[in-house]
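# Topology and contacts: notes
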Amino acid sequence: MRRPAEDWQLVYEGFDPAAEGVREALCAVGNGYLVTRGAAPESTADGVHYPGTYLAGCYDRAATAVRGRQVENEDLVNCPNWLPLTFRPSGGAWFTGPPVTQRLVLDLRRGVLTRHALVEDGEGRRTRLVQRRIASQAQPHLVALETELLPENWSGPLEVRSALDGTVTNSGVARYRGLARRHLRPLEQGAGPDGLLVLQVATANSPRCIALAARTRARRAGAAVPAAVTVHSRPGWAAQLLTVEAEQGVPVTVEKTVAVYTDHDPAVAVPLHAATVLAAAAGDFGQLADEHALRWAELWRRCRIDADFDGIGTLRLHLFHLLQTYSEHSVDLDVGIPARGLHGEAYRGHVFWDELFVLQLLNLRFPELARAVLHYRHRRLGAARLAAADAGLRGAMYPWQSASEGREESQQLHLNPLSGRWLPDHSHLQRHVGSAVAYNVWQYYQATGDVDFLAETGAEMLLEIARFWSSAAEWDPARERYSIRGVLGPDEYHDAYPWADRPGLDDNAYTNVLASWVLARGLDTVDVLPGYRRDELLERLALDRAELDRWQEVGRRLHVPFHDGVISQFEGYERLAELDWERYRRHYPGLRRLDRILEAEGDSVNRYKASKQADALMLFHLFSAREVRGLLRRLGYPAGEELLRRTVRHYLPRTVHGSTLSAVVHAWVLTRSDRRASWRFFRDALAADREDLQGGTTAEGIHLGAMAGTVDLLQRCYTGLEIREDAIWLDPRLPSALRRLELDLRYRGHWGVTVAVDRHTVAVSLPESRQEPIRIRLRGSCHTVRPGERRVLSL
């Protein structure tokens with residue numbers, strides 16, 4: 001029987017070198033300002049362990065010579081390691097691991113990582129070790145480690161070494177190790193005021209200073225223990241050595257409290273001064289942990305999802321890591337949502353389209369966080385305009401990969417580890433990322449009714465993205481339709497036609513249908529803006545009636561390819577060959593990286609009807625089947641009830657799910673046609689990081705979009721919840737394994753909308769404090785729920 005406490009814990013027994021990287025990523029602690037991987041404090045980057053601390057928005061740019069050309073990358077920096085702490089009985093060897101026994105417990109409810117271990121040195125001296133660490137949600141610049149040391153069979157001097165290490169490099173992803181990876185240069189290290197240890201470094205190629213101040217002190221039975229303290233340092237590294245008398249059976253507790261600041265932080269003039277002041281004034285570990293737990297309790301109240309199934313613990317783990325990556329402490333930092341969280345160096349910490357999966361969750365829980373993400377995009381609107389102009393187009397062309405400045409950060413070359421070859425990378429042609437930004441703007445507005453945001457920020461982005469699509473569309477007189485050429489869809493495998501000498505594909509269905517939707521929403525935006533702001537914005541953008549009329553024309557005449565009654569992934573898709581799936585499944589244990597397998601064989605995935613992840617089917621993730629049919633009919637294409645089933649039947653057996661997002665999308669799409677299959681994909685998505693289903697990728701960083709997507713499958717998909725036309729639409733389709741579901745939402749600025757779904761009923765309740773009733777649309781019928789009312793509706 002499952003115990004409730006287990007649903008709030010992630011537990012690992014023993015030490016497994018092969019699994020350590022995954023455990024470090026999943027046991028990371030963070031607060032939206034920074035995240036620290038769950039590496040052991042005594043460890044170093046040695047091929048088994050990989051300590052890493054990442055600050056939101058802290059990037060550095062460096063160049064490397066690859067195949068005779070300079071390749072420039074901007075990386076999320078592995079910042080100074082604040083964790084290092086080890087010990088030894090006097091005269092013994094420093095403990096560097098592994099312990100004799102170990103148990104890790106990540107407490108999701110309170111945000112605490114606890115480690116129980118038994119250590120034995122070369123002389124047989126055994127020490128029990130209990131360590132707790134936090135990254136404070138109450139004081140985001142503080143991180144803390146408490147270490148309790150209990151000598152089991154010895155007494156005598158105990159030496160503890162507490163260090164700050166700024167010599168770390170970015171070496172957490174094997175395929176990047178041939179590229180520049182040293183991003184820190186030392187500025188200052190050693191003894192600081194008030195007995196503190198200090199370290200200050202700068203990023204190597206961008207003007208950012210990072211300062212740390214550490215307070216380390218020992219106590220026994222709650223009282224301070226006299227300790228002899230010496231300081232040792234070298235460039236980029238500093239340590240304090242504490243020596244105390246230890247007694248057999250009597251624990252000694254060592255507290256290490258570290259403050260972290262950069263010169264990019266708001267209201268900070270001198271980072272090192274700010275760090276020393278905060279570290280010196282901080283409370284003890286118990287006080288810090290209590291106020292930290294209080295903040296986590298507040299977060300969990302706002303994220304309440306009660307679901308009756310055996311994976312609720314993993315679902316909470318996903319929410320936990322989302323809230324550690326992006327929180328109230330991220331809002332003023334001008335940062336986006338990295339695809340791999342702040343948990344590792346995969347994708348170089350860049351921002352992709354994953355916010356498309358994250359913001360739909362935040363809109364109904366933490367709209368202020370969703371708004372901050374959209375402000376990150378708005379601040380980079382100028383860069384998107386320049387990118388469009390450089391391509392000979394108008395409007396805003398957002399980059400596939402974004403980091404600090406908003407310019408395109410996609411790599412020019414990528415390494416296939418199976419063949420050892422560096423290959424051209426054309427992923428920057430995924431222009432659909434701009435439509436994702438526009439979709440997020442509109443969905444935020446629908447969920448919140450925040451007209452001020454739309455007027456001041458959102459509308460400008462949406463209109464400029466619409467302008468880009470109108471500019472990118474070319475008239476094809478043979479078809480008498482508009483085409484969008486030279487792009488990539490979400491599939492990513494197909495980046496060129498096998499018969500063409502240029503990269504890119506024409507008329508990707510997902511890209512074109514979404515571009516049509518953006519053009520329509522651009523026109524709607526003009527209509528809903530307050531009159532004064534509409535006039536200002538049209539004048540500022542030089543947007544006249546002739547251009548708006550073109551949007552209407554292009555938005556209704558874009559080409560969408562079909563074959564055999566199925567939406568084609570792109571024009572010419574039907575000309576591709578069928579892969580010998582049976583042979584490849586027989587010869588390879590997994591096909592998630594089919595592109596690498598084929599390239600290593602001297603072949604190309606571009607030749608085959610084989611997809612990495614959902615592409616055309618993404619339309620049915622963003623929109624209901626009814627809405628997709630409406631979008632296609634607006635474009636002049638007949639679309640019947642069977643379109644979804646036919647499209648799923650075609651692509652599902654030809655998709656290898658090489659992205660964790662693929663399981664999320666397929667779980668969503670299959671909800672209406674095959675709930676058992678939907679639940680299987682949901683379970684796959686739920687297990688993606690916890691079981692490292694992508695084969696070694698979780699150790700490099702979590703998959704944040706998929707994590708948020710699993711939560712959103714419960715929040716919006718299985719409830720059939722949509723926010724549109726000033727109403728909450730519900731059309732529940734619970735899988736048989738999910739008996740009931742209850743959640744709290746924030747709708748149009750008000751907390752306390754509770755939705756409860758079971759096999760037979762939907763219940764919606766409002767708190768008495770709400771000022772206005774809300775409209776509910778349940779499978780076509782319209783209902784009104786008033787403040788203080790709980791309305792139960794039969795399915």
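One structure accompanies this document, and this report is about it. Once a new chain begins, its residue numbering starts again from 1 and follows that chain's sequence as written. A pLDDT threshold of at least 70 governs which residues receive local features in this predicted model, and a stricter bar of 80 or more applies before side-chain atom pairs are shown or counted, although totals over entire chains, interfaces and linings include all residues. Hydrogen atoms and water are omitted, and side-chain values are computed over all heavy atoms in the structure.

Bringing the sheet that holds strand S7 (residues 85–89) into the picture now. Strand order in the open sheet made by the 4 strands is S7-S12-S18-S17, with antiparallel pairing throughout. Each edge of the sheet is formed by a strand with only one pairing partner; in this case those strands are S7 and strand S17 (228–234). Taking each pair of neighbouring strands and ignoring which way they run, the sheet shows an average axis angle of 20°. A pair of strands counts as paired when DSSP detects no fewer than two bridges linking them. Labels follow the DSSP assignment, with helices taken as runs of H or I lasting at least four residues and strands as runs of E lasting at least two, numbered in each case from the N terminus. Only the stretch in contact is used when fitting a helix axis, every axis being a line fitted to C-alpha atoms; angles between N-to-C directions are given from 0 to 180 degrees.

Okay, the pairing of strand S22 (residues 421–424) next. Here strand S21 (residues 413–416) runs beside S22; their pairing, made up of 4 bridges, is antiparallel. Each residue of the ladder has a partner; that of Leu 415, found in S22, is Trp 422. The antiparallel pairing of S21 with S22 creates a hairpin that spans 4 residues between the two strands, and Gly 420 there sits at a positive phi of about 75°.

Let's shift gears to the packing of aromatic side chains. Stacked, tilted and edge-to-face pairs are distinguished by plane angle, under 30 degrees for stacked and over 60 for edge-to-face with tilted covering the rest, among Phe, Tyr and Trp rings (Trp via its six-membered ring) whose centres lie within 6.5 Å. As enumerated under the stated definition, the model contains 27 aromatic pairs in all. Pairing Phe 87 with Phe 95 gives two aromatic rings, centres 5.7 Å apart and planes at 45°, and the pair type is tilted. Like Phe 87, the residue Phe 95 is buried in the burial classification. Here the aromatic rings of Tyr 347 and Phe 352 are separated by 5.1 Å at their centres, their planes lie at 50°, and the arrangement is tilted. To sort residues, take the accessible area from a 1.4 Å probe on protein chains only and compare it with the maximum for the residue type: under 20% means buried, over 50% means exposed, and anything in between is partly exposed. Taking the relative accessible area as the measure of exposure, Tyr 347 reaches 33% and is therefore partly exposed. Ring-pair connections join several aromatic residues into one group, and the members of that group are Tyr 347, Phe 352, Trp 353, Phe 357, Trp 400 and Tyr 510. Working rule: Lys NZ or Arg CZ, within 6 Å of ring centre, within 35 degrees of ring normal, means a charge sits over the ring. The aromatic ring of Trp 94 is capped on one face by Arg 161, whose charged end is 4.6 Å from the ring centroid. Above the face of the Trp 729 ring, Arg 777 is positioned so that its terminal group lies 4.5 Å from the ring centre.

This brings us to helix H6 (residues 367–379). Residue count minus one, scaled by 1.5 Å, sets the expected span of a helix. End to end, H6 covers 18 Å across 13 residues, agreeing with the expected 18 Å (1.5 Å per residue, within 8%). Of the positions making up H6, those classed as buried are Pro 367, Leu 369, Ala 370, Ala 372, Val 373, Leu 374, Tyr 376 and Arg 377. Looking at the buried residues of H6, the elements they touch are helix H5 (355–363), helix H7 (381–390), helix H8 (432–448), helix H9 (451–472) and strand S29 (741–747). Only heavy atoms matter for contacts: two residues are in contact if any of them lie within 4.5 Å across the pair.

This part takes up the environment of Leu 197. Locating Leu 197 in the fold gives a position in strand S14 (residues 197–203). Residue contacts for Leu 197: discarding those within four places in its chain leaves Ser 162, Ala 163, Leu 164, Gly 190, Leu 212, Ala 213, Ala 214, Val 231, Ala 238, Ala 239 and Gln 240.

The next subject is the pairing of strand S32 (residues 774–778). In terms of burial, S32 is largely enclosed, as 4 of its 5 residues are buried. The pairing of strand S28 (residues 727–730) with S32 spans 3 bridges and is classified as parallel. In the sheet register, Leu 730 faces S32, and the bridge partner there is Leu 778. Across 5 bridges, the pairing between S32 and strand S33 (residues 781–785) is antiparallel. By the bridge assignment, Ile 774 is partnered in S33 with Val 785. Where S32 folds back on S33, the antiparallel hairpin that results is connected by 2 residues, among which Arg 779 adopts a positive phi of roughly 50°.

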